[in-house]
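Structural features, examined
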Amino acid sequence: MPPIDPDRLRLRNAPGKSQVLSKQLVPRISKGERFLRGPIPLNWLSTAASLPGRSLHVGVALWLEAGLRNSAVVPLSNITGRHFGLDRNAKYRALAWLEKAGLVTVERKLGRAPMVTINAKPSDPVA
């Protein structure tokens, strides 16, 4: 095994000056741009992420609609689903998985967008 050369391990910087990491600012939204409103419970998101298919996509779409409407009860239209790369069948499958996990309650009516109520995760204390 060849000996370790300490010069190879040194930072390539001017002698005697410490290397300062630049602070990167969080991107800001433009005026009129849509944004995801929070806070969103991390355990709700992690539960949705652990479900099959596009459950997390539907969950994020639901939280977006809830933030825009300032309500936990929102319709989930096919148009909203398309913004997240969802076809209507994937949307319905994901809603069923979210409902089975207890994250949402869905009211379905023939020919209408499902009305979805976002629930607190069952194991969470309700504030």
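The sections below set out a description of the structure shown in this document. What you see is a predicted model, and the numbers here were worked out from it, not measured in a lab. (Residues numbered from 1 in each chain as written. Predicted model: local features only at pLDDT ≥ 70, side-chain atom pairs only at ≥ 80, totals over all residues. Heavy atoms only, no water.)

**Side note on the packing of aromatic side chains**
The condition is simple: Between 30 and 60 degrees the pair is tilted, below 30 it is stacked and above 60 it is edge-to-face, where a pair is any two Phe, Tyr or Trp rings, Trp via its six-membered ring, whose centres lie within 6.5 Å. Strands here mean DSSP runs of E at least two residues long; helices mean DSSP runs of H or I at least four residues long; both are numbered from the N terminus. Note on geometry: a ring has a charge over it if NZ (lysine) or CZ (arginine) is within 6 Å of the ring centre and within 35 degrees of the ring normal.
Under the definition given, this model contains one aromatic pair. Both rings, one in Trp 44 and one in Trp 63, keep their centres 5.5 Å apart while their planes meet at 90 degrees; by these two values the pair is edge-to-face. Of the two residues, Trp 44 is situated in helix α2 (residues 42-50) and Trp 63 in helix α3 (residues 55-69); the sequence distance between them amounts to 19 residues. Geometry around Tyr 92 places Lys 91 over its ring, the cationic atom sitting 4.8 Å from the centre.

**Focus on the packing of α2 against α3**
Pairs of packed helices are described in terms of their axes, by the angle between the two and the distance that separates them. Test applied: Note on method: axes are straight lines fitted to C-alpha atoms, helices fitted across the in-contact stretch only, with angles between N-to-C directions ranging 0 to 180 degrees. Residues are treated as being in contact if the distance between any of their heavy atoms lies within 4.5 Å. Here the nonpolar group is Ala, Val, Leu, Ile, Met, Phe, Trp, Tyr, Cys and Pro; Asp, Glu, Lys and Arg are the charged ones; every other residue, Gly included, is treated as polar.
Closest axis-to-axis distance for the α2/α3 pair is 7 Å, and the angle between their directions is 145 degrees. When α2 is examined against α3, the residues Trp 44, Leu 45, Ala 48 and Ala 49 are found in contact with a partner set consisting of Ser 55, Leu 56, Gly 59 and Trp 63. Tallied by class, the residues present in the contact of α2 with α3 amount to six nonpolar, two polar and no charged.

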